[in-house]
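# Descriptive structure summary
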Amino acid sequence: MIHYKINVLHELKEAGYSSYRLQKEKIFSAGIIDKLRKGDVSITVDTLNTLCTLLQCQPGDILEWHS
């Protein structure tokens, strides 16, 4: 099962991207932000790519797989 390794919204906020800014600048929709808040990993590759770009990291820094 895939899980987040980090608190994505916290890390985005540390990088200067509040939930308000993410929506205002149309980086993520309210629905995607809600998924991140709830820990729902059913995000698209495009969303993961955007997260990696904003956080300057690799997908493995955000997600991990557990059996």
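On to the environment of Ile33, then. Within the secondary structure, Ile33 is located in helix H3 (residues 30-38). Given the relative accessible area of 0%, Ile33 is considered buried. For Ile33 and Gln23, which are ten residues apart along the polypeptide, the C-alpha to C-alpha distance reads 8.4 Å.

What follows covers the pattern of salt bridges. The full count for this structure, using the stated rule, is two salt bridges. Between Asp34 and Lys38 there is a salt bridge whose closest N-O contact spans 3.1 Å. Of this pair, Asp34 and Lys38 both sit in helix H3, four residues apart, roughly one helical turn. Overall, the relative accessible area of 29% leaves Asp34 in the partly exposed class. Among the residues examined, Lys38 registers a relative accessible area of 65% and is labelled exposed.

By size, the foremost hydrophobic cluster in this structure holds 18 residues, and its most contacted members are Tyr4, Val8, Leu12, Leu22, Phe28, Leu51 and Ile62. The set of elements that each furnish at least two residues to this core consists of helix H1 (8-14), H3 and helix H4 (45-55). Sort the elements by how many residues they give to this core and H4 lands first, with five residues.

Analysis parameters
- Residues numbered from 1 in each chain as written.
- Predicted model: local features only at pLDDT ≥ 70, side-chain atom pairs only at ≥ 80, totals over all residues.
- Heavy atoms only, no water.
- Helix = DSSP H or I, 4+ residues; strand = E, 2+ residues; numbered from the N terminus.
- Buried < 20%, exposed > 50% of the residue type's maximum accessible area, 1.4 Å probe, protein only.
- Salt bridge = Lys/Arg side-chain N within 4 Å of Asp/Glu carboxyl O.
- Core = buried A, V, L, I, M, F, W, Y, C linked by side-chain atoms within 4.5 Å.

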